[in-house]
Each structure stands twice: as structure tokens, then as C-alpha cells.
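Examining the three-dimensional arrangement
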Amino acid sequence: TQLLEQSPQFLSIQEGENLTVYCNSSSVFSSLQWYRQEPGEGPVLLVTVVTGGEVKKLKRLTFQFGDARKDSSLHITAAQPGDTGLYLCAGFFSGSARQLTFGSGTQLTVLP
Amino acid sequence: GAGVSQSPRYKVAKRGQDVALRCDPISGHVSLFWYQQALGQGPEFLTYFQNEAQLDKSGLPSDRFFAERPEGSVSTLKIQRTQQEDSAVYLCASSPSGQGRDTQYFGPGTRLTVL
């Protein structure tokens, strides 16, 4: 079984603070995605990273893919209450063309 | 445009009952996926269709779970003789092509509670 470990599991911060969420595996990803899920909704794709060492920015969100393609991080700058939600990393492992494996998620709460 | 829709949104079943969950993918999308999301967990892959062909069902937890997509559009996930451990949110996703790493667009899910 190929596992994706996310940390922390829960994060509660004040508006304006910065935070980082981590996603790790012992296996190599061919590509990795980050999703955000709100209560009663399905996950919504935020970004896909493919190349080791890749960094992508989406407004206040910065996504980094590890050089060895086994880990990734999501950094949010100056968090806002609207950032509250469940953040999920998900990856296609090398050799698995269609099975998307999700991490267990990080529940982020940003307090006003 | 219309996204992926799922029905019912909520389903309560007594243990032992059969249930059928429906997914309407985005029109024209070739690929369709089913996932199971337990409370406080990330989604877990159940099965994958390319048009009407079920190409991967390795994630189905038991032979009580059955999925079909007979005309390559709407899909139904059926669970026979439901058990309490089947309680979860069942998510459907579709993607435009048959390439597995296309962006997947998720529906809102069906929350199944087995009493």
C-alpha cells in the first residue's frame, strides 16, 4: 500500500498568520496535486506539480515539490478566514496511471 | 456550465439493505471515478471507468460493491447488504479524456449512513 502522510492533521491560526502543510511519502510520485475541500462539497483542485523542485504560486499559496518527488508542501501567507477548509494532497505514484492516492488531509481553521 | 452531480445527497439505510448511488458526470467526459471518504479521512479510490468500460475496480472493498456505467455517461454505485462500516461519503469525479492524470472534477458526494 502506498501511503501519503499529511501533517499537521489539524491547524487553527489567527487571521494574518502564515502556515505550512506537509505531504510525505516513501514512494516517488509521477505527479502530485493539492486540493481544498469544504463541508458538503467535493475536493477542488488547486494545483498540480510534476517536476522535482518545482515551485508554483497561486496568489497567497505557494506549492513546492521535493527534488526527489517524494514530498510536497503548501505554504499560505497571511491566512484569511476564507482559507478555512480541508487541504488534501494527492498523488499519482509511478506506475499507477489512474489511481489517485489521497493523504488524510489537514483541517485548517483561520480565526478572524 | 453544469458540474458533476450526485444523488441522493444523503442516504440513510438500515443494515442489510441495498442502496444505489447515482453520478451524473460533466457532459462529454470520458473518465469517471468513484471514491469513498470516511469521516476525517481523505478520499480512497474505488473504481474507474473509461466510457462504459470498467478498467480498474481494485479499490472496491468487497463483492458487495458494484459499479456500472452502461452507456458511458451516468454511473451507479450499488452496495448490497449494507454494513455499518460502509457509512461514508461517496464521491464521484469525471475527467475529460481517457488519460488518467487529467484534472478530475468532483461532485458534492452522497453521505451514506448505515444504522
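Look up: the structure comes first, before these words.
Residues numbered from 1 in each chain as written. Chains lettered and ligands numbered in written order. Predicted model: local features only at pLDDT ≥ 70, side-chain atom pairs only at ≥ 80, totals over all residues. Heavy atoms only, no water.

Re the sheet that holds strand β3 (residues 19-24) of chain B
Two orientations exist for strands paired in a sheet by backbone hydrogen bonds: parallel and antiparallel. Residues and elements named next belong to chain B. The line we're drawing: The rule for pairing is simple: two strands pair if DSSP sees at least two bridges between them. Helix and strand labels come from DSSP, where a helix needs a run of H or I of at least four residues and a strand needs a run of E of at least two; each type is numbered from the N terminus. Where helices are involved, their axes are fitted lines through C-alpha atoms of the stretch in contact, as for all axes, and angles between N-to-C directions lie from 0 to 180°.
Overall, antiparallel pairing links the four strands, which are arranged β1-β3-β8-β7 in an open sheet. Edge strands, defined here as strands with exactly one partner in the open sheet, are β1 (5-7) and β7 (65-68). Strand-to-strand twist across the sheet, computed as the mean angle between neighbouring axes with direction ignored, equals 15°. In terms of strand pairing, β3 meets strand β8 (residues 75-79) through five bridges, oriented antiparallel. Residue V19 lies in a different strand from β8, and its bridge partner there is I79.

Points about the state of the cysteines
Residues and elements named next belong to chain A. How we decide: The term disulfide is used for any two cysteine sulfur atoms that are within 2.5 Å. A 1.4 Å probe rolled over the protein chains alone gives each residue an accessible area, and that area as a share of the maximum for its type sets the label: buried under 20%, exposed over 50%, partly exposed in between.
This structure, assessed with the given rule, holds two disulfides over all chains. Residue C23 pairs covalently with C89 via a disulfide, S to S 2.1 Å. Across the S-S bond of C23 and C89 the torsion is about 75°, and the bridge reads as right-handed. You can see C23 sitting in strand β3 (residues 19-24) and its partner C89 sitting in strand β9 (residues 85-93), a full 66 residues away along the chain. Taken individually, C23 and C89 each receive the classification buried, so the pair is uniform in this respect.

Topic: the interface of chain B and chain A
In plain terms, the rule: Here a residue-residue contact requires only that any non-hydrogen atoms of the pair lie within 4.5 Å. By definition, the buried area sums, over both parts, the 1.4 Å-probe accessible area that each loses when the two are put together. The working definition used for a salt bridge is a side-chain nitrogen of Lys or Arg within 4 Å of a carboxyl oxygen of Asp or Glu. Each polar contact in these results corresponds to two N or O atoms within 3.5 Å; when the atoms are within protein, one needs to be able to donate a hydrogen and the other to accept it, and residues that are neighboring in sequence are counted only if both atoms are side-chain atoms.
Taken together, the contact between chain B and chain A spans 23 residues of the former and 21 residues of the latter. Summed over both partners, the interface of chain B with chain A comes to about 1,600 Å²; 51% of that surface belongs to carbon and sulfur atoms. Looking at the side of chain B facing chain A, the largest losses of area belong to P43(B), R101(B) and F106(B), adding up to 33% of the total buried there. Our count for the contact surface shared by chain B and chain A stands at zero salt bridges. Remark: the boundary between chain B and chain A carries five residue pairs in polar contact (both at pLDDT 80 or more). Secondary structure elements with two or more residues in the side of chain B that touches chain A: β4 (31-37), β5 (44-50) and β6 (53-56) of chain B.

Thoughts on the sheet that holds strand β6 (residues 55-58) of chain A
All names here are of chain A. Read across the sheet, five strands follow the order β1-β3-β8-β7-β6 without closing on themselves; strand pairing throughout is antiparallel. Whereas interior strands pair on both sides, the edge strands pair on one side only; in this sheet they are β1 (5-7) and β6. Across the sheet, the axes of successive neighbouring strands diverge by a mean angle of 15°, strand direction being ignored. Pairing of strand β7 (residues 61-65) with strand β8 (residues 71-76) involves five bridges; the strand directions are antiparallel. Each residue of the ladder has a partner; that of L61, found in β8, is I76.

Focus on the environment of G3(B)
One can find G3(B) in the segment before β1. Look past the residues within four positions of G3(B) in its chain and what remains in contact with it is D24(B) and I26(B).

Considerations on the packing of aromatic side chains
Residue and element names in this part refer to chain B. For clarity, the cut-off: Aromatic pairs are defined between Phe, Tyr and Trp rings, using the six-membered ring for Trp, whenever the two ring centres lie within 6.5 Å; interplanar angles under 30 degrees are classed as stacked, those over 60 as edge-to-face, and all others as tilted.
A full pass over the atoms with the stated rule returns 10 aromatic pairs over all chains. The interplanar angle of 45° and the centroid separation of 5.4 Å between the aromatic rings of Y35 and F106 together place this pair among those described as tilted. In this pair, Y35 is assigned in strand β4 and F106 in strand β10 (residues 105-106), connecting sequence segments 71 residues apart. When its relative accessible area of 0% is taken as the criterion, Y35 is described as buried. Under the relative-accessibility criterion, F106 is labelled buried at 12%. Look at F65 and Y90: their rings are 6.5 Å apart centre to centre, the planes differ by 40°, and that puts the pair in the tilted class. Of this pair, F65 sits in strand β7 while Y90 sits in strand β9 (residues 88-95); the two residues are 25 residues apart in sequence, bridging distant segments of the chain.

Any functional reading would require information beyond the geometric quantities listed.
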